[in-house]
Amino acid sequence: MPKNTQNIKCTMLKVALGFALLPVFQQSSFAEDVRVNTYIENATFFRKDVGLSKFRNTLQIEAAKSFKSSGSFSNVSLSGTFRLTYDGVYDLNDEDFGEKAGRAISIENVAAGPGATVLFGEGLAFPFTFDTANNPNEGMIVLGENLHATDGGVAMGVPVRPCDTDSRGCINGYLDKDMQELRSQELNDRLDFIRELYFDFDYNLDNGSIISTRLGKQQVIWGRTDLFRVLDVINPVDYSRNNIYDELEDIRIPMWILKTDFRMGATETFDDVNLQLIWNFDRYRPNDLGQCGQPNVIIDAGCFFRGMNSLWDNGGTVANFAGGVAATDFGPGQIGIRQANLPSWSLSNTQVGLKFEGVLGDLGFSLNALSYRSQMPSIRANIQAQNAFTGEVGLWPALIAFDINFPRLTMLGGSMDYYSQGIDTVFRVEASHTSGEEFGNTLREDLYSESDVVRYVLGADKSIFIPFLNDKTAFLFSGQIFGQHILDHEREERLLGTAGIPDWEENWTATLLIKGWWMNNRLSPQILAAHDVRASATAVSLSVEWIVNDNFKFTGGVNFKLGTGARKFDDCRTCNPWSPFTAAFPEHTPGSTLGLQGFEPLGRFQSGPIGMAQKEDELQFTLRYSF
Amino acid sequence: MKKLISGIKLSIAATFVTSALMTTSALAADEVIQQSFFPYAQSTPSFEGLAKGMVIDKSNVAQFKDVIDPAFYVFIEKGFTSIVVGDTTSLALHQSYIDASTKGYSKVTLGEKVGEISGWEAGRPFPAEPSNDDPRAGEKLAWNYKYGYNWGDSAAIYPFYWKYRDMDSAKVERTIKFNFHFLNFKGRVNQQPTPEITPNPSDLFRSIYVQVLAPDDVRNTQLLIHRAADDLKRDNSWLYLGFQRRVRRLATGQVTDAFLGSDLMIEDFEGYNGRISDMNWEYKATRYMLMPFFNHNELTLDTETHSDSDGYQVVAFSGQGGCFPNITWQLRKVYEVEASPVNDSHPLSKRVHFMDAQTFTIPRTISYDRKGTMWKTFTIGQSDPDHHLPANKGSGVSIDDAFSMIDVQANHCTTGQFKGQVDPELTPPSMFSVQHLRATGS
């Protein structure tokens, strides 16, 4: 369906729902209660060995208008949040992140000796190769170079300039930002400067129950844990803003949603019971993982995608490919990422959720169900591609030629919090079971497989006095352990190494927050540490927040990483898609990997977001003026 | 004290003598109730040299040392503030609360442990005069406070301004604007339903809901406290943080932290906002002291902080650092009660409460740190409801109208300016649910 038609249908739906609510407002008369809150903010970050990595200036206006209750309707209001940013890093540090970023690159070619390289475009040419006139050696980096050497693995050239400067590798509709959209992310065709805009109203039933409704562009938050998104998956997230380190409130991407709560209140058994229905009727949006050339590209996925899309569109040189050692020039339409299949707007592509929630004394709980689209991309191979040896176009087993898809998922989960009076500690638990998720899998000819996934977080909060530091105010200690179990995990030992799903079958990430307060809470230092157990990678963030007065707030901090960075995994160089040309030996089954390892492209799934950011230590300063 | 005793009118002295010769149980219920709720019915107390309209400042404060609590005495002595003396007036609580007290008289008994009570349904549980011979007299006074008619069955402070002030420079560091709402689930005597809101599955006694309106960095923070009727059970508390947009259950230990950076703990609200069983209570004395009771409409008010279509203005502050309310003080009958925390890790070693005998509000409290050094001093100014908002007239609620919590160690204070409204429409029971926090949050 053409995008314009989708937009019209989606807009018509939003307008229709707005008209449906009109009677509510016709019954309400204007009250005096109008609120407007505004802040301007500068966030300036410096990255080790890079320099300026953020100079973001934000204007955010929040406004709300309440209306008098009328009849059975109460708490009627209209609220909006509008945000505009300008990130000057693309102008002030344009050699790293702007129009002058990147350079001419050399690609590793160990066939000529350890660490030897060739210029991009001068690799071993297939019969059907590429023309550097269509893909010149400029404005590029080598995939993964910020984190690791190629070290005998695969790598490719990745364009890094804004998409209006260099359109190579810009995937239509997905990670294709031009300079204006990089500088001011909210000024896009999804009107993100309207960050939130929604109507609220309560309809009071005669039995005392209340139907609370919020309709409009909004964030809907499920769950009880910090940092991790086990149940909090209704809105996609913009990781390009500051990786995983910003408050989720600032990086959730609001969607047009109808949220209705049937608030039953207290019953004979429960202190509070509530049933919530969510209908996300907005056109689908994925997480923003960051486009290669931006300062924040979580797990460097955006660079992998851009490099692969450029490879598909233009061809290019791939390090150490032929024979596992020779830099090889592929032609266009042979390997890479062809396109992103973003779900179009249709009723069947909208997303629905249900939550039953209650309080039973010291115990709070929720049961959650959500049918939604994965906000993380899944790359599926087995698309029509050209054989570089014969020129034939067809389906080739385990060929590293992909489309990006966003499969529909079903999530069932729940959460609990419990206050243990005996040890004065609050415990929080959140768990989910998701079906339909897809993972890269080098054992499969499609190079992916589905798996059910169980995720959970167990958290504990306790206030502890440390008298020699502060005998008046306790410190908050908040610890969490996040676990992920891929239930249909597949791995095998092959001739040259392990193959299968690169993600860990079981993994845990632990976080610890210690926060203290002085000067009437106006000075608040904190330590936040996160450790990825399997990746053996740790992130530590030390920060101090100083509320100068009601208007000014200053936050300064340092964010550094420890432990292991890049990790190697089967890179499918030995998948033998174009047998017999790519067979390692006569009996080598087509589409069957031998498990040759490299950092790229799949090692990132073992390193995780912390391991992949090992070279992104930063000093971060933020000044906010509110009025 | 000699001066005080000599100054009290003969009829009052005679009443005490009579009381001392009789056991409480021998008094007729009506007489006990009358004495408890109308202590100034026969006459009002006086003190040598004290007169309406006079100002007590550092030049004459020594003369009145016996009727001023030690913290406030030091403030006046240092010239930080002065006291304007008003008439002692009777602030009669709502008749339905008094009737409930009569109905429940002598039916209420303490259990074996501190915090255990039985037989109470509504009203003042222990209206009889405390006795130094009663080892649990302090605990009974604490129950009288807890089951008092503090804000009636429900009320709202709507809005409520807190200012964080540097006492040395007088700089206002922060101004927080709140709405506070109070609801009694049990012991209700006036607003329907009485005596209890049902269903009440967790057998709650009371709930407090707080919403922060400004400034921006804490706007939309909400706090909900559920207090069980069983005093041995800890509160359940939830906090909605605007920047997280979700509800967090609080460990109740956090009630001793500075609330939103103010000089108050959650436990300090209203004078004392914890469990009876969290403290060891000791009745020290019955005294006649100057207490912050006044008629709101007769004060010179703050014209800047708040304005609305009602024309209502909040109490003004002045004195050192702007930490002292511009109010008048009355000589009133007071019970001095010392509360020391059971938990050794509590940041306080004790609070000394000065409970108003007629209303059982706690207009003055002095808190001491773990080392036993004076740390904070809390003043809650009380207005007669008949001289406040028209809607409060006849409510029989002693209106909390201004507070000042001074950290004498840090030379810092938090002041509070109220628009207290006894209006059940502002405080529906549905407001006191966890889901309300989510529904209201944005």
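Just so you know, these numbers come straight off a predicted model, no measurement behind them.

Caption draft 1: Representation of the overall build of chain B in the model. Secondary structure summary: chain B contains 7 helices and 22 strands in total. Its C-alpha atoms give chain B a radius of gyration of 21 Å, within 12% of the compact-globule value 22 Å for 442 residues. Its C-alpha atoms put chain B at 60 × 50 × 45 Å along the principal axes. In chain B, 63% of the contacts between residues at least 6 apart in sequence involve partners at least 24 apart.

Caption draft 2: Looking closely at the overall build of chain A. In terms of regular secondary structure, chain A is built from 7 helices and 34 strands. Against the globule reference of 25 Å for 627 residues, chain A gives a C-alpha radius of gyration of 26 Å, in line with a compact fold. Structurally, chain A occupies a C-alpha span of about 80 × 60 × 45 Å along its principal axes. Per-residue burial over chain A gives 49% buried out of 627 residues.

Caption draft 3: Up close: the sheet that holds strand E6 (residues 124–125) of chain A. Residue and element names in this part refer to chain A. In spatial order, the strands read E6-E14-E13; together these 3 strands make up an open sheet with mixed pairing. The open sheet has two edge strands with one neighbour each: E6 and strand E13 (316–322). Sheet topology note: the E13/strand E14 (residues 326–330) ladder contains 4 bridges and is antiparallel. Considered in E14, the bridge of Thr317 is made with Asp329.

Caption draft 4: Examining helix H3 (residues 29–37) of chain B more closely. All names here are of chain B. All of the buried residues in H3 are Val32, Ile33, Ser36 and Phe37. End-on view of H3: buried residues confined to an arc of 110 degrees, all on one side of the axis. Structural note: H3 exposes Asp30 and Glu31 on the side pointing more than 90 degrees away from its buried face. Along its buried surface, H3 packs onto helix H5 (95–104).

Caption draft 5: Structural view of the interface of chain A and chain B. In this assembly, 48 residues from chain A lie in contact with 40 residues from chain B. For the side of chain A that touches chain B, the secondary-structure elements that each account for two or more residues are strand E1 (30–47), strand E10 (210–218), strand E11 (255–265), strand E12 (272–280), strand E22 (408–420), strand E23 (425–440), strand E24 (448–466) and strand E25 (470–486) of chain A. Classifying every residue of the side of chain A that touches chain B by side-chain character gives 12 nonpolar, 18 polar and 18 charged.

Caption draft 6: Here's a closer look at unusual backbone geometry. Omega for the bond connecting Tyr158 of chain B with Pro159 of chain B falls within 30 degrees of zero, at 10 degrees, which places this linkage in the cis form. Relative to the elements of secondary structure, Pro159 of chain B occurs in strand E5 (residues 154–166).

Caption draft 7: Looking closely at the pairing of E12 of chain A. Residue and element names in this part refer to chain A. Of the strand pairs in this sheet, E11 and E12 are connected by 8 bridges, and their pairing is antiparallel. Across the sheet, residue Phe262 finds its bridge partner in E12, namely Leu275. Across 9 bridges, the pairing between E12 and strand E16 (residues 351–360) is antiparallel. Bridge pairing in E16 links Val273 to Gly358.

Caption draft 8: Fine view of the sheet that holds strand E21 (residues 401–405) of chain A. Residues and elements named next belong to chain A. As summarised here, the arrangement of the 3 strands in space is E15-E21-E18, forming an open sheet in which the pairing is mixed. Each having just a single partner strand, strand E15 (336–340) and strand E18 (378–380) make up the two edges of the open sheet. Across this sheet, the average inter-strand angle for adjacent strands is 35 degrees, counted without regard to direction. As paired elements, E15 and E21 share 3 bridges and run parallel to each other.

Caption draft 9: Structural context of H5 of chain B. All names here are of chain B. Buried within H5 we find Tyr97, Ile98, Ala100, Ser101 and Gly104. One face of H5 carries all of its buried residues, which in axial projection span an arc of 160 degrees. Each element contacted by the buried residues of H5 is listed here: H3.

Caption draft 10: Expanded view of the confidence of the model for chain A. Overall, the prediction assigns chain A a mean pLDDT of 91, with 95% of residues at 70 or greater. In the predicted structure, residues 1–31 of chain A sits below a pLDDT of 50 and forms 32 contacts with residues beyond four places in sequence or in another chain.

Caption draft 11: Fine view of the environment of Leu143 of chain A. All names here are of chain A. As for its placement among the helices and strands, Leu143 is situated in the loop between strand E7 (140–142) and strand E8 (157–159). Residue classification places Leu143 among the buried positions, given that 30 C-beta atoms sit within 10 Å. Sequence separation between Leu143 and Gly307 is 164 residues; the distance between their C-alpha atoms is 7.2 Å. Setting aside residues up to four positions removed in sequence, Leu143 forms contacts with Ala155, Met156, Val158, Cys303, Phe304, Gly307 and Glu600.

Caption draft 12: Examining the pairing of strand E29 (residues 523–532) of chain A more closely. Residues and elements named next belong to chain A. As judged from the 7 bridges shared by strand E28 (residues 506–515) and E29, these two strands associate in the antiparallel manner. Directly across from Ile514, in E29, lies its bridge partner Ile527. In terms of strand pairing, E29 meets strand E30 (residues 537–547) through 10 bridges, oriented antiparallel. Note that in E30 the partner of Ala530 across the bridge is Ala539. As consecutive antiparallel partners, E29 and E30 are separated by 4 residues, and within that stretch Ser536 has a phi angle of approximately 50 degrees, a positive value.

Caption draft 13: Representation of the confidence of the model for chain B in the model. All names here are of chain B. When the pLDDT values of chain B are averaged, the result is 90; 93% of them are 70 or greater. Low confidence marks residues 1–26, where pLDDT is under 50. Its contacts with residues over four positions away, or in another chain, come to 29 contacts. Taken over the whole predicted complex, pTM reads 0.85, whereas the ipTM for its chain interfaces reads 0.81.

Caption draft 14: Representation of the environment of Asn188 of chain A in the model. Residue and element names in this part refer to chain A. Position of Asn188 among the secondary structure elements: in the loop between helix H4 (179–183) and strand E9 (194–204). Residue class for Asn188 comes out partly exposed when judged on the 13 C-beta atoms lying within 10 Å of it. Remark: the alpha-carbon pair of Asn188 and Lys177, spanning 11 residues in sequence, is separated by 8.9 Å.

Caption draft 15: Quick peek at the packing of H3 of chain B against H5 of chain B. Residue and element names in this part refer to chain B. Axis separation between H3 and H5 bottoms out at 10 Å; the angle between their running directions is 140 degrees. Taken as axis vectors, H3 and H5 run oblique relative to one another. Where H3 crosses over H5, the two elements pack in a sense that is right-handed. Across from Ala29, Ile33 and Phe37 in H3, the residues of H5 making contact are Ile98, Ser101 and Thr102.

Caption draft 16: Quick peek at the environment of Gln291 of chain A. Residue and element names in this part refer to chain A. Note that Gln291 resides in the loop between E12 and helix H6 (301–314). Spatially, the C-alpha atoms of Gln291 and Phe305 are 8.7 Å apart, while their sequence positions differ by 14 residues. Here Gln291 is in contact with Leu175, Lys177, Ser240, Gly302 and Arg306, once residues within four sequence places are set aside.

Procedures and definitions
- Residues numbered from 1 in each chain as written.
- Chains lettered and ligands numbered in written order.
- Predicted model: local features only at pLDDT ≥ 70, side-chain atom pairs only at ≥ 80, totals over all residues.
- Helix = DSSP H or I, 4+ residues; strand = E, 2+ residues; numbered from the N terminus.
- Rg over C-alpha atoms; globule rule 2.2 N^0.38 Å.
- Contact = placed C-beta atoms within 7 Å.
- Buried ≥ 20, exposed ≤ 12 C-beta atoms within 10 Å, placed from the backbone.
- Pairing = 2+ DSSP bridges.
- Arc of directions from axis to C-beta.
- Nonpolar A, V, L, I, M, F, W, Y, C, P; charged D, E, K, R; others polar.
- Axes fitted to C-alpha atoms, helices over the stretch in contact; angles between N-to-C directions.
- pLDDT = per-residue confidence, 0-100.
- Parallel < 35°, antiparallel > 145°, perpendicular 65-115°, else oblique.
- Left-handed = near helix turned anticlockwise from the far one by under 90°.

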